[in-house]
Amino acid sequence: MKKDSGSYPRVRVEAGGSGIVSRAGGVLLTGTARAVGLDRALSGALAPWRKARAVHDPGKTVLDLAMTLVMGGDCLADVAILREQPHVFGPVASDPTLSRLVTAMAAAGPKAVTAIRAARAAARERAWSLATTASPVADGRLTVDLDGVLVTAHSDKEGACPTWKKTFGFHPLWTFADHGADATGEPLAVLLRPGNAGSNTAADHIEVTRQALAQVPRKRRRGRNTLIRTDSAGGTHDFLAWLSRPGRWLSYSIGFTITDRIHAAILRVPKAAWTPAYDADGRPREGAWVTEVTDMLDLTAWPKGMRVIVRKERPHPGAQLRITDVDGNRCVAFVTNTAGGQLADLELRHRRRARAEDRIRQAKATGLRNLPLHGFAQNQVWCELVSLACELIAWTQMLALTDDARRWEIKKLRFRLFSTAARLVRTGRRVVVRLPDRWPWTGHILEGIARLDQLAAPT
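Fair warning: this is a prediction, and the values are worked out from it, not measured in the lab.

This next bit is on the sheet that holds strand β4 (residues 161-162). The strands that make up a sheet pair up through hydrogen bonds in the backbone, lying either parallel or antiparallel. Here 3 strands make up an open sheet; going across it, the order is β3-β5-β4 and the pairing antiparallel. The open sheet has two edge strands, β3 (151-152) and β4, and neither has a second partner. Pairing of β3 with strand β5 (residues 168-170), which is carried by 2 bridges, proceeds in the antiparallel orientation. Residue pairing in the sheet places Val 151 in a bridge with Phe 170 of β5.

Once that is clear, we can look at the side chain of Glu 391. When you line up the elements, Glu 391 lands in helix α13 (residues 376-400). By relative accessible area, Glu 391 is classed as buried at 0%. Beyond its immediate chain neighbours, meaning those up to four positions away, Glu 391 contacts Arg 120, Arg 124 and Pro 187.

As a further point, take the nonpolar core. Of all hydrophobic cores here, the largest spans 120 residues; its most connected members are Leu 38, Met 105, Trp 128, Phe 239, Met 306 and Phe 418. With 14 residues, α13 is the largest single contributor of residues to this core. Not counting residues within four places of it along the chain, the set of residues in contact with Phe 418 comprises Arg 23, Ala 24, Gly 25, Gly 26, Leu 28, Leu 29, Val 70, Met 71, Ile 410 and Leu 413. In terms of nonpolar packing, the next biggest core, distinct from the first, is built from 8 residues, Val 290, Phe 334, Ala 344 and Leu 346 among them.

Evaluation of the coordinates by the stated rule reveals 25 salt bridges. Measuring nitrogen to oxygen at the nearest pair gives 3.0 Å for the salt bridge that ties Arg 83 to Asp 95. Within this pair, whereas Arg 83 is found in helix α4 (residues 80-83), its partner Asp 95 is found in helix α6 (residues 95-107), the two being separated by 12 residues in sequence. In this structure, Arg 229 engages Asp 145 in a salt bridge whose closest nitrogen and oxygen atoms are separated by 2.7 Å. A residue pair is termed long-range when its members are at least 10 positions apart, and Arg 229 in strand β8 (residues 226-230) and Asp 145 in strand β2 (residues 142-148) qualify at 84 residues. Side by side, Arg 229 and Asp 145 carry an identical accessibility label, which is buried.

Calculation notes
- Residues numbered from 1 in each chain as written.
- Predicted model: local features only at pLDDT ≥ 70, side-chain atom pairs only at ≥ 80, totals over all residues.
- Heavy atoms only, no water.
- Pairing = 2+ DSSP bridges.
- Helix = DSSP H or I, 4+ residues; strand = E, 2+ residues; numbered from the N terminus.
- Buried < 20%, exposed > 50% of the residue type's maximum accessible area, 1.4 Å probe, protein only.
- Contact = heavy atoms within 4.5 Å.
- Core = buried A, V, L, I, M, F, W, Y, C linked by side-chain atoms within 4.5 Å.
- Salt bridge = Lys/Arg side-chain N within 4 Å of Asp/Glu carboxyl O.

Right, dumping it as structure tokens:
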């Protein structure tokens, strides 16, 4: 009688192996950082924080922390997953060195954060230039999405407060550059705020938008080809006036609260004035319509050229109607200063703002789910590390990957690419990372490395 060995093969397990690397796919990240000059930019920007005779470069240390977040780490100590693989990630600082560096940067106030942001901006300009037709500004337009997120704190950290959802933690405000339907997106700026920060605080929206515009090439910081998109939290007099200020002339598409006057105007719209709205693919959607009520409202207190567009649709099963809904249809409004275009196209453009929620989900899976440090300034540095990690992912997809891989989220990237095991082979004075032939995504890694090698190294 043959003994049943179970569903899986029985293998012998023992220690003592050598010449193995478990995260060989990280070469895509190191290659991207080298191609866009992020390592050099961080090294130069953080030079003031390097002590005399220090072994480890602060810029390299910060980049190591960002790569740790890409690999799935969620605290400073998780950098150990890189430290044990020096052939791919080089020498990595010890835990005490990491802790001292973060403490020193937090104690420097905004100087260290400003230095990291300057390095990110320089690397971003090069990344977009290298990407050519794959960059988010390939068509001459840039879309910047704003969105807030609640981050739960599980201990009494500095700045943690009760939130409007009756949780406890922080309420950071993020901005993202939208890469369109064929890719993901990348963070531009984050404003860490206490948990009780207001959702519609105009000063915070202005500040984070100003920081976001400072992250993009200079010619993208003003003009109608740069679109600012957010939900109704941004529909305030001060924020819209700031966007429309002469000399800035930014385009905007911002959610708008339906007031009693707008509700009354919607009721007066004739049936023939409602035109079919579009679905996500740009085709007419049954049960959804869009119209404009700009001429039916007194908008003298608002910026000149502001249009008010309303969408109504049949609510999803189980959805509760609001008092501002009309004839059993859910109504939402947004404002824009785009003069032309069909209403359905403008409404679809605004609704694609929901991509920012996907970016938030990616950031939460890349270190944002929990702010691990106690000090508020320390956690602001941590948010910059999260931004760096998400940018590394976005730039790797933009420069090294193609087709569906440009849309993969971080979980799939980790399982298929970054966590790929390989053998280290020494030939002469070189160390070769040899990937397994039978791994289904070895081709993605090899093709990505080839693309990165073709990019000219920064001077």
